[in-house]
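# Survey of secondary and tertiary structure
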Amino acid sequence: MVSRFPGSGVSGRISVMNNPQSNIRNFCIVAHIDHGKSTLADRILEFTGAVDPAHMKEQLLDGMDLERERGITIKMTAVRLDYKSKDGNTYELNLIDTPGHVDFSYEVSRSLAACEGAVLVVDAGQGVEAQTLANANLAMHHNLEIIPVINKIDIDRADPDRVADEIENVLAIDASEAIRASAKLGIGTEEILESIVHNVPPPSGDAAKPLRALIFDSHFDQYVGVVAYVRVIDGEITPGMRVKMMSSGREFEIVSVGVFKPEMVGTDRLGTGEVGYLTAGVKNVGDARVGDTVTDATRPSDEALPGYREVHPMVFCGLYPTESQQYTNLRDALSKLQLNDAALTYQPESSLALGFGFRCGFLGLLHMEIVQERLEREFGLSLIATAPSVIYRILKTSGDVIEIDNPNDLPEPTEIDAVEEPFVDATLIVPKDYVGVTIELCQERRGIYQSMEYPAPDRVMINFKLPLAEILMDFFDALKSRTRGYASFDYEFSEYEVSHLSKLNILLNGDPVDALSFITHRDRAYSRAKVLVEKLREVIPRQQYEIRVQAALGSKIIAAATVKPYRKNVTAKCYGGDISRKRKLLEKQKEGKKRMKSIGSVEVPQEAFMSVLKIGDDK
Amino acid sequence: MTVNNSTCDVPPEAAYVHVPFCLSKCHYCDFNSYAGMQAIFDDYANALMTEIKRTGSEFDTTQSRPLDSVYFGGGTPTVLSADILGTILATIDETLHLSPDAEITIEANPGTVDEYKLVELQQRKFNRLSLGIQSFDDEFLAKIGRVHTADQAITAYHLARQAGFKNVGLDLIFALPGQTLEHWSRTLDTAIQLSPEHVSLYELSIEEGTRFADLCAQGRLELPDEDTQLAMYELAISKITSAGYEHYEVSNFARPGFRSRHNQVYWRNDPYYAFGAGATSYVHCVRARRVGSPAEYIQAIYLGSDGIEFSERLTGRALVAETIIQGLRMLDGIRLSKISQKYFTDIASEFAVVIQRLQERGLVELVGDCLRVTHNGLLLLNDVAQEFIS
């Protein structure tokens, strides 16, 4: 299990002073990826003495190894800082970190709801990007006081004046007072803290009212159960108190409360306006859902905090163990991950080609990749993932409406009246030289042009409506390569719309391979089939027999290729006297073959199942 | 399957001596060999002789049989002086005894022998010379990092004849980077023209840790495609057999009566002694590998250890599997009853299903008691072998 602060656990209760409400400031830092959010958080932690720079792990707030490796924040956390301001007062600052990826936009919105202010970090070279815009809009939507910070002023291509203009033009935020900083060099840190103290309003809750606390994150600890991260809006929480989760109605008794400094430190209470954690013997993160309101069970509030919703997975794929005996291990691993990740869903499914596995649901592609990587890395599993799918809505001729997340569940064509698929509103910000290629890409991906704006003389903001399924098909990589990495991209779910979709079946030596079939737009079926068949021909190794690879729409074959058999497999090599080496080599090769999936008599390597994903960008 | 090991317990009649030194390392080579170690040649030779003597004293030589074959391989054994090589051989004769007509092979790099050395080797009882020619094309010799030219190779061959070697083998490599069927054909013609007693040919394989592996990873090695490799192999078979050689093993061809006795010991899975760094012995059903580094080997022997870093006693299926997969490399095949007898098990019924499946695919044929690969089976020998592995 990943613990947020390895080795810390819940430490003994230390008396932490409760500050008067007027001295509390709750804020978050939001930024486009790589604009320096985590580095700024590190500087703030150092400056306020929360951590000793000498003992500091780079970018402390990103607790998981994966986050540090990928340079993104997946799960957020919260830190309580004591800051002695220039005005002589000591303030309690609560820094709530937010995930920096569109997959987790609901979690972002909940952590913003726990704050009164947001530090908006913008790269002095790159300027406003798609996620800057998305985050700023979200912060404004929550009525947060926004403190613009132009970061990385030390770099060569820094142009803070231009970036200040962009902030004003694109975000409509007054940037005249924007703080010019370099988190890397520690320039501007104190100014930012002073600005937080003086511009972000103190929490406005009512201590006398019944308890209302917002859960904005949680993690599972094997000793104490769920640790819920909360912001107390009204009232207070104390250990021993009976509380109720307002959405589920479930009641628990508070075992402990405390704050993150950044290690967990127990306190006597969490007062109005404060941010911290609670434990209540909750066994499942699903019982302390992000966005839910915690209230006093004996004196419940009659109104839950706004904005709660259950998050639903948007992207699905099948996960199968490469070796069937690992099925139980996979199930156990998924259940352990789910303890910490309420957005992950899974249910058993079976495939003719791949045997027994699970249909898993994710918030998005990144979430999917993270879960897969953790399953392989932390649980030592070897997995085959099928191509991701969205949820399709099928309007049947019978009048029924069904939703499917697996192409193989698509009813017979005669039973289908129409198929609807999810669309997203996408925002792309690109330098003007790349407008053409960006629009071209979106159009290839069945995008519907919405609008275009010029936030700055050399940059263009393009809005497209895109099918979510097309984004799953390698869209990020295609966008990156066509715009040489200069485009930024963000999206949010828009609505379901009817599309002309069909299921494409892949056959190996005449046998349909369920795990390789996918749903595609009819206009693109032929070109995709051709590319996929060719890809499969490349990745399936030559075997003893000829292998026919075919793609079919219904019963009609629309593309085909042949993997020629090999004619030679002999080692004309001198092994000297070490005959056992040869035997062991043959044993190893035999073992290697087991790791491929045998479909009929054809051995298919893992990567074949993901090649469906990689066919988006080929024309 | 119950397998009794007692019959693999017969004393060895062959010995292998490893000389892990070369003038320079060839780009394809992943054998246990090192360049630039001239300083320890003498110490190494002494360690070898110590190991040989010790082995001789450990085994009951009154019960053992004289050696029918001794093979000096490398590396390049001929980087050592004929004097040292002769002394090592004499030590083997004194302690383990050579039969009067023993086959005594030494591998030689054409760049490391002159007429004097060849005469000396001949005088010191070496009677079979295996010349590492690899190619008769200077372009490819340079490309793969050999230290000699084609002319030097031809000269070395003639000098060996003049020195009195009546049994000379040539080693060739095919499927070299950039090599075409025509290139290979010319090398084969030259080899046949020289009329050696024995020809071995090996297909280039890219092994980890070699210069070629690095180049390959960088995409800077253009290797012939699978169809060309196959054509090269088949061309070699047809040319060499037409010239009167027997194709008796995957990689080996011999004039009648000149099959390598030593290699047949390996292919029959018979026991053999081995001496030297990285060498693997097979005595009393135990396969034992000595430490690869020459310095570590010298030190181990000097300190009284046997220098063995890994050993395993072969039993049961592994033993039978190795015997079958090695045996099928020989085109004469294996006699099922003989192997059954040797390991007290019934191979024919044990592997009846496997054999039948392979027969149906036309990869093996069973003639009476003799199981052997067909031409297609030879080309797919790894698939055939895999069937016999559990």
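Residues numbered from 1 in each chain as written. Chains lettered and ligands numbered in written order. Predicted model: local features only at pLDDT ≥ 70, side-chain atom pairs only at ≥ 80, totals over all residues. Heavy atoms only, no water.

### Describing the overall build of chain A
Each helix and strand in chain A was counted, giving 14 helices and 32 strands. Every one of the 619 residues in chain A was classed for burial, and the buried ones make up 59%. Excluding contacts between residues fewer than 6 apart, the proportion of contacts in chain A whose partners are at least 24 apart in sequence is 71%. Summed over all atoms, the accessible surface of chain A reaches about 25100 Å², with 48% contributed by carbon and sulfur. (Helix = DSSP H or I, 4+ residues; strand = E, 2+ residues; numbered from the N terminus. Buried < 20%, exposed > 50% of the residue type's maximum accessible area, 1.4 Å probe, protein only. Contact = heavy atoms within 4.5 Å. Areas by Shrake-Rupley, 256 points an atom, 1.4 Å probe, with all protein chains shown as cover.)

### Examining the overall build of chain B
Within chain B, the secondary structure is distributed over 16 helices and 17 strands. Here chain B holds 390 residues, and 57% of them are scored as buried. Once local pairs closer than 6 in sequence are excluded, the contacts in chain B between residues at least 24 apart make up 71%. As presented, chain B carries roughly 15600 Å² of accessible surface, and 49% of it is formed by carbon and sulfur atoms.

### What about the pairing of strand E16 (residues 364-367) of chain B?
Along any regular strand the residues' side chains alternate between the sheet's two faces. All names here are of chain B. In this structure, E16 lies alongside strand E17 (residues 370-373), joined through four bridges in antiparallel fashion. Bridge pairing in E17 places Leu366 opposite Leu371. Counting the residues between successive antiparallel strands, the hairpin from E16 to E17 contains two residues, one of them, Gly368, with a positive phi of roughly 60°. (Pairing = 2+ DSSP bridges.)

### Quick notes on the sheet that holds strand E7 (residues 179-180) of chain A
Through backbone hydrogen bonds, the strands of a sheet pair up, either in parallel or in antiparallel fashion. Residue and element names in this part refer to chain A. Here six strands make up an open sheet; going across it, the order is E3-E4-E2-E5-E6-E7 and the pairing mixed. Of all strands in the sheet, those with a lone pairing partner are strand E3 (78-84) and E7, marking the two edges. Bridging between strand E2 (residues 24-31) and strand E4 (residues 90-96) involves five bridges; their strand directions are parallel. Counted as the bridge partner of Phe27 is Leu95 from E4. Sheet strands in contact with helix H1 (residues 37-47) are E2, E3, E4 and strand E5 (117-123), and its direction is about 150° off that of E2. (Axes fitted to C-alpha atoms, helices over the stretch in contact; angles between N-to-C directions.)

### So, helix H3 (residues 105-113) of chain A
Of all nine residues making up H3(A), seven are buried, and the element is well covered by its neighbours. Considering only its buried residues, H3(A) is in contact with E2, E4, helix H4 (130-141) and strand E8 (212-221) of chain A.

### Notes on the sheet that holds strand E12 (residues 280-283) of chain B
All names here are of chain B. Reading across from one edge, E12-E13-E14 is the order of the three strands in this open sheet, with antiparallel pairing throughout. In this open sheet, the two strands that pair with only one neighbour each are E12 and strand E14 (308-313). Averaged over all adjacent pairs, the angle separating strand axes in this sheet is 20°, with direction ignored. Looking at chain direction, strand E13 (residues 286-290) and E14 are connected through five bridges and run antiparallel. Bridging from a neighbouring strand, Arg287 pairs with Glu312 of E14.

### As for the pattern of salt bridges
Residues and elements named next belong to chain B. Within this structure, the stated rule accounts for 56 salt bridges over all chains. The partner of Arg124 in a salt bridge is Asp83, and the shortest N-O contact between them spans 2.9 Å. Taken together, the residues Arg124 in the loop between helix H3 (115-123) and strand E6 (128-134) and Asp83 in helix H2 (residues 82-96) connect sequence positions 41 residues apart. Judged by relative accessible area, which is 40%, Asp83 ranks as partly exposed. The closest approach of N and O atoms between Glu249 and Arg329, which form a salt bridge, is 2.7 Å. Remark: Arg329 occurs in the loop between helix H11 (316-327) and strand E15 (334-335) and Glu249 occurs in strand E9 (residues 246-249); sequence separation between them is 80 residues. As far as the burial class goes, Glu249 and Arg329 line up, both buried. (Salt bridge = Lys/Arg side-chain N within 4 Å of Asp/Glu carboxyl O.)

### Brief notes about the packing of aromatic side chains
Residues and elements named next belong to chain B. Summed over all chains, the structure comprises 24 aromatic pairs over all chains. Judged by centre distance (6.2 Å) and plane angle (15°), the ring pair of Tyr273 and Phe275 falls under stacked. With relative accessibility at 4%, the residue Tyr273 sits in the buried group. On the basis of relative accessibility, which here comes to 0%, the residue Phe275 falls in the buried class. (Phe/Tyr/Trp six-rings, centres within 6.5 Å; stacked < 30°, edge-to-face > 60°.)

### Side note on the side chain of Asn32(B)
All names here are of chain B. Position of Asn32 among the secondary structure elements: in the loop between strand E2 (21-22) and strand E3 (34-35). Side chain to side chain, Asn32 and Tyr34 meet in a polar contact 2.8 Å long. Engagement of the side chain of Asn32 in a polar contact is seen with the backbone oxygen of Gly292, the distance being 3.0 Å. Excluding its chain neighbours within four sequence positions, the residues that come into contact with Asn32 are His18, Pro20, Ala277, Gly278 and Gly292. (Polar contact = N/O pair within 3.5 Å; in protein donor to acceptor, adjacent residues only side chain to side chain.)

### Section: the side chain of Lys568(A)
Mapped onto the secondary structure, Lys568(A) falls in the loop between strand E30 (556-563) and helix H13 (579-595). Engagement of the side chain of Lys568(A) in a polar contact is seen with the side chain of Glu203(B), the distance being 2.9 Å. Of the polar contacts made by the side chain of Lys568(A), one reaches the side chain of Gln229(B); its length is 3.4 Å. Once you skip the residues sitting within four places of it in the chain, Lys568(A) turns out to touch Glu203(B), Glu226(B), Gln229(B), Leu230(B), Leu379(B) and Leu380(B).

### Some words on the confidence of the model for chain B
With 97% of its residues at a pLDDT of 70 or more, chain B has an overall mean of 92. At the level of chain-chain contacts, confidence expressed as ipTM amounts to 0.78, with global pTM at 0.64. (pLDDT = per-residue confidence, 0-100.)

### Notes on the interface of chain A and chain B
Listed per partner, the contact involves 27 residues of chain A and 39 residues of chain B. For the pair chain A and chain B, the summed buried area comes to about 3100 Å², and 49% of that belongs to carbon and sulfur atoms. Between chain A and chain B we count five salt bridges in total. Arg583(A) is paired through a salt bridge with Glu312(B); the nearest N and O atoms lie 3.8 Å apart. The tally of links between chain A and chain B comes to 12 residue pairs in polar contact (both at pLDDT 80 or more). Taken together, the residues of the side of chain A that touches chain B sort by class into seven nonpolar, seven polar and 13 charged. (Buried area = accessible area lost by both parts, 1.4 Å probe. Nonpolar A, V, L, I, M, F, W, Y, C, P; charged D, E, K, R; others polar.)

### Notes on the nonpolar core
Ranked by internal contacts, the top residues of the largest apolar core, which has 116 residues, are Phe72(B), Ile88(B), Leu201(B) and Phe388(B). When neighbours within four sequence positions are excluded, Leu201(B) is seen to be in contact with Ala572(A), Leu172(B), Phe174(B), Trp184(B), Leu188(B), Tyr233(B), Ala236(B), Ile240(B), Ser251(B) and Phe253(B). With 50 residues, the next largest nonpolar core counts Leu319(A), Phe358(A), Ala385(A) and Leu466(A) among its residues. (Core = buried A, V, L, I, M, F, W, Y, C linked by side-chain atoms within 4.5 Å.)

### Examining helix H5 (residues 160-171) of chain A
Two residues of an α-helix separated by three or four positions point the same way, owing to the 3.6 residues in each turn. Residue and element names in this part refer to chain A. Taking 1.5 Å per residue as the helical rise, H5 with its 12 residues ought to reach 16 Å, and the 15 Å between its terminal C-alpha atoms agrees with that figure. Along H5, the positions that sit buried rather than exposed are Pro160, Val163, Ala164, Glu166, Ile167, Val170 and Leu171. Each buried residue of H5 sits inside an arc of 160° when the element is viewed along its axis, so together they form one side. Considering only its buried residues, H5 is in contact with E5, H4, strand E6 (145-151), E7, strand E23 (448-456) and strand E24 (459-467). The positive-phi residue at the C-terminal boundary of H5 is Ala172, with phi of around 55°. (Expected span 1.5 Å × (residues − 1). Arc of directions from axis to C-beta.)

### Considerations on the pairing of E6(B)
Residue and element names in this part refer to chain B. Within E6, seven of the seven residues are buried, leaving the element largely enclosed by the surrounding structure. Side-chain alternation along E6 places Arg128, Ser130, Gly132 and Gln134 on one buried face and Leu129, Leu131 and Ile133 on a second face that is also buried. The sheet contact formed by strand E5 (residues 98-108) and E6 spans four bridges and is parallel. Counterpart to Thr105 in the pairing with E6 is Arg128. Taken together, the five bridges between E6 and strand E7 (residues 168-174) define a ladder with parallel strand orientation.

### With respect to the packing of helix H7 (residues 327-340) of chain A against helix H8 (residues 365-379) of chain A
All names here are of chain A. For the pair H7 and H8, interaxial distance at closest approach is 11 Å and the crossing angle is 115°. Helix-helix and strand crossings are classified by hand; for H7 and H8 the assignment is right-handed. Contacts between H7 and H8 involve Leu330, Ala333, Leu334, Lys336 and Leu337 on the former and, on the latter, Val371, Arg374, Leu375 and Phe379. A breakdown of the residues in the contact of H7 with H8 according to their chemical character gives seven nonpolar, no polar and two charged. (Left-handed = near helix turned anticlockwise from the far one by under 90°.)

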